[in-house]
Amino acid sequence: MVTAIVFINAEVARIGEVAEAVAALPGVSEVYSVTGALDLVAIVRVADHEQVAGVVADRLNKVPGILRTETHIAFRAYSAHDLEAAFSLGGD
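What counts and how
- Residues numbered from 1 in each chain as written.
- Predicted model: local features only at pLDDT ≥ 70, side-chain atom pairs only at ≥ 80, totals over all residues.
- Heavy atoms only, no water.
- Buried < 20%, exposed > 50% of the residue type's maximum accessible area, 1.4 Å probe, protein only.
- Helix = DSSP H or I, 4+ residues; strand = E, 2+ residues; numbered from the N terminus.
- Pairing = 2+ DSSP bridges.

### Some points on the pairing of strand 1 (residues 2-10)
Then comes step 1: Across the 9 residues of strand 1, 7 count as buried, placing the element largely inside the fold.
Then comes step 2: Where strand 1 and strand 3 (residues 40-46) come together, 7 bridges link them in antiparallel fashion. Note that in strand 3 the partner of Ile8 across the bridge is Leu40.
Then comes step 3: Relative to strand 4 (residues 66-74), strand 1 runs antiparallel, the two sharing 8 bridges. Paired with Thr3 across the two strands is Ala74, which belongs to strand 4.

This is the structure we're talking about:
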């Protein structure tokens, strides 16, 4: 599994629209709106580096409203967590 973290700058008036479009792309597991110099951060999780190129270069970068992206490939994970459990509303 290859994980890529994609920093996204988008047109201000289209941030929500861009986030939804990026989140709908195959291979994108999460999209976060963030404060600071970036507008969005997308997490891409795919089987190999060729698929990263397919998601980022062939699809994500073509989403209308995206101004600029910067992609970082993760090579080692230091913590593992279950996002579903972290955001669980309770119940077993």
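### Side note on the environment of Lys62
Then comes step 1: Looking at the element boundaries, Lys62 is found in the loop between helix 2 (49-56) and strand 4.
Then comes step 2: The sequence separation of Lys62 and Val22 amounts to 40 residues, and the corresponding C-alpha distance is 9.8 Å.

Everything listed here is a matter of geometry and, on its own, says nothing about what the molecule does.
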